[in-house]
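Analysis of the macromolecular model
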Amino acid sequence: ETGVTQTPRHLVMGMTNKKSLKCEQHLGHNAMYWYKQSAKKPLELMFVYSLEERVENNSVPSRFSPECPNSSHLFLHLHTLQPEDSALYLCASSQDGVGDGWREAFFGQGTRLTVV
Amino acid sequence: QQQVKQSPQSLIVQKGGISIINCAYENTAFDYFPWYQQFPGKGPALLIAIRPDVSEKKEGRFTISFNKSAKQFSLHIMDSQPGDSATYFCAATPGEESYKLIFGSGTRLLVRP
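Now for a quick tour of the structure.

Conventions used here
- Residues numbered from 1 in each chain as written.
- Chains lettered and ligands numbered in written order.
- Predicted model: local features only at pLDDT ≥ 70, side-chain atom pairs only at ≥ 80, totals over all residues.
- Heavy atoms only, no water.
- Helix = DSSP H or I, 4+ residues; strand = E, 2+ residues; numbered from the N terminus.
- Rg over C-alpha atoms; globule rule 2.2 N^0.38 Å.
- Buried < 20%, exposed > 50% of the residue type's maximum accessible area, 1.4 Å probe, protein only.
- Contact = heavy atoms within 4.5 Å.
- Areas by Shrake-Rupley, 256 points an atom, 1.4 Å probe, with all protein chains shown as cover.
- Lys, Arg positive; Asp, Glu negative; His and termini not counted.
- Charge placed at Lys NZ, Arg CZ, Asp CG, Glu CD.
- Pairing = 2+ DSSP bridges.
- Axes fitted to C-alpha atoms, helices over the stretch in contact; angles between N-to-C directions.
- Phe/Tyr/Trp six-rings, centres within 6.5 Å; stacked < 30°, edge-to-face > 60°.
- Core = buried A, V, L, I, M, F, W, Y, C linked by side-chain atoms within 4.5 Å.
- Salt bridge = Lys/Arg side-chain N within 4 Å of Asp/Glu carboxyl O.

Across its full length, chain B carries zero helices and eleven strands. For chain B, the succession of helices and strands along the chain, N to C, is β-β-β-β-β-β-β-β-β-β-β. Taken over the C-alpha trace, chain B has a radius of gyration of 13 Å; the compact-globule value for 113 residues is 13 Å, and the two agree within 12%. A principal-axis box enclosing the C-alpha atoms of chain B has dimensions of 45 × 30 × 20 Å. Burial statistics for chain B: of 113 residues in total, 49% are counted as buried. Taking contacts inside chain B between residues at least 6 apart in sequence as the whole, the part at least 24 apart equals 54%. Carbon and sulfur atoms form 49% of the exposed surface of chain B, whose accessible area is close to 5,500 Å². Within chain B, one finds 12 positive and 9 negative side-chain charges whose respective centroids are separated by 8 Å.

Put into structure tokens, the structure is as follows:
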């Protein structure tokens, strides 16, 4: 496995369900991100973790809960979502502290989430 | 002030032509301007990036032109190919929060054979 891997690729969930999205990076990076991509707002930063500590929570509702147990893994726990939360959720990673490493984000293929 | 405005929303170019996508920003704290390319079913991938201390950067058929005084930058794709058909996003990061990529709204490019 190389790069940034996200599972599942597709997820359909009801508004009362609890589910989790998983991201794993094999690049040796020390920063990981969750982005939301939808038709209304193409690429919105949700959360940033650096060295497993959250450095950014971009006013995301509490029904989205991130978890970063180590520098290679990132989760997004979902509960009581709304239909408007349906979108492509993208994970990314980068390397802090090396030139422009922060800014060169490597993205996974995303999880297409549908809330019904 | 965090916005990056991108145009056009969509673009159709004949094979061999030049594709031009424009972006504008307001926040003078932005100091790094990358372009990302996204194919259907894939995540965005870094294509080329520029800092405001240079006016142009070229990598193969892709060129970024940067106008600091106008707060505008653009992507030029020379000799456009059908394989370049994708969605292109400009972005910017502020120096003090360099982890924060602020994306434009995207341009869907179609290169006709």
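Having seen the structure, we can now continue with the description.
A few words now on the overall build of chain A. Broken down by element type, chain A carries zero helices and eleven strands. If you line up chain A on its principal axes, its C-alpha atoms span 45 × 30 × 25 Å. Each of the 116 residues in chain A was classed as buried or not, and the buried ones make up 48%. Sequence-distant contacts in chain A: of pairs separated by 6 or more residues, those separated by 24 or more amount to 54%. Carbon and sulfur atoms provide 49% of the accessible area of chain A, an area that totals close to 5,500 Å².

Glancing now at the sheet that holds strand E1 (residues 4-7) of chain B. Residue and element names in this part refer to chain B. One open sheet accounts for five strands, arranged E1-E3-E8-E7-E6; its pairing is antiparallel. Sheet topology places E1 and strand E6 (56-59) at the edges, where each strand pairs with a single neighbour. The sheet shows a mean angle of 15° between the axes of neighbouring strands, direction not considered. With four bridges connecting them, E1 and strand E3 (residues 19-25) associate as antiparallel partners. If you follow Lys-5 over to E3, its bridge partner there is Ala-24.

This part takes up the packing of aromatic side chains. Evaluated as defined, the whole model comprises 16 aromatic pairs over all chains. A ring pair is formed by Tyr-25 of chain B and Phe-33 of chain B, whose centres lie 4.9 Å apart and whose planes are at 45°; its orientation type is tilted. Look at Phe-33 of chain B and you get buried, because its relative accessible area is 0%. The structure contains a cluster of three or more aromatic residues connected by ring pairs, namely Tyr-33, Tyr-35 and Phe-107 of chain A together with Tyr-36, Phe-89 and Phe-103 of chain B.

The next thing to look at is the nonpolar core. Residues and elements named next belong to chain B. In this structure, Val-4, Phe-33, Trp-35, Phe-73, Leu-75 and Tyr-88 are the most contacted members of the largest nonpolar core, which totals 25 residues. Those elements giving two or more residues to this core turn out to be strand E2 (10-14), E3, strand E4 (30-38), strand E5 (45-50), strand E7 (62-67), strand E8 (72-77), strand E9 (86-94) and strand E11 (107-112). Residues within four places of Phe-73 in sequence aside, it is in contact with Val-4, Ile-21, Asn-22, Cys-23, Tyr-25, Phe-33, Trp-35, Ser-65, Phe-66, Cys-90 and Ala-91.

Applying the stated criterion across every chain, the model contains three salt bridges over all chains. Among the ionic pairs, Asp-85 of chain A bridges to Arg-63 of chain A, the shortest N-O distance being 2.7 Å. Placement of the pair is Asp-85 of chain A in the loop between strand E8 (73-79) and strand E9 (87-94) and Arg-63 of chain A in the loop between strand E6 (53-57) and strand E7 (64-70), with a sequence separation of 22 residues. Here Arg-61 of chain B makes a salt bridge to Asp-84 of chain B, at a shortest N to O gap of 2.8 Å. Pair noted here: Arg-61 of chain B is in the loop between E6 and E7 and Asp-84 of chain B is in the loop between E8 and E9, with a separation of 23 residues, a long-range link. Under the relative-accessibility criterion, Asp-84 of chain B is labelled buried at 5%.

Structural measurements only, silent on function.
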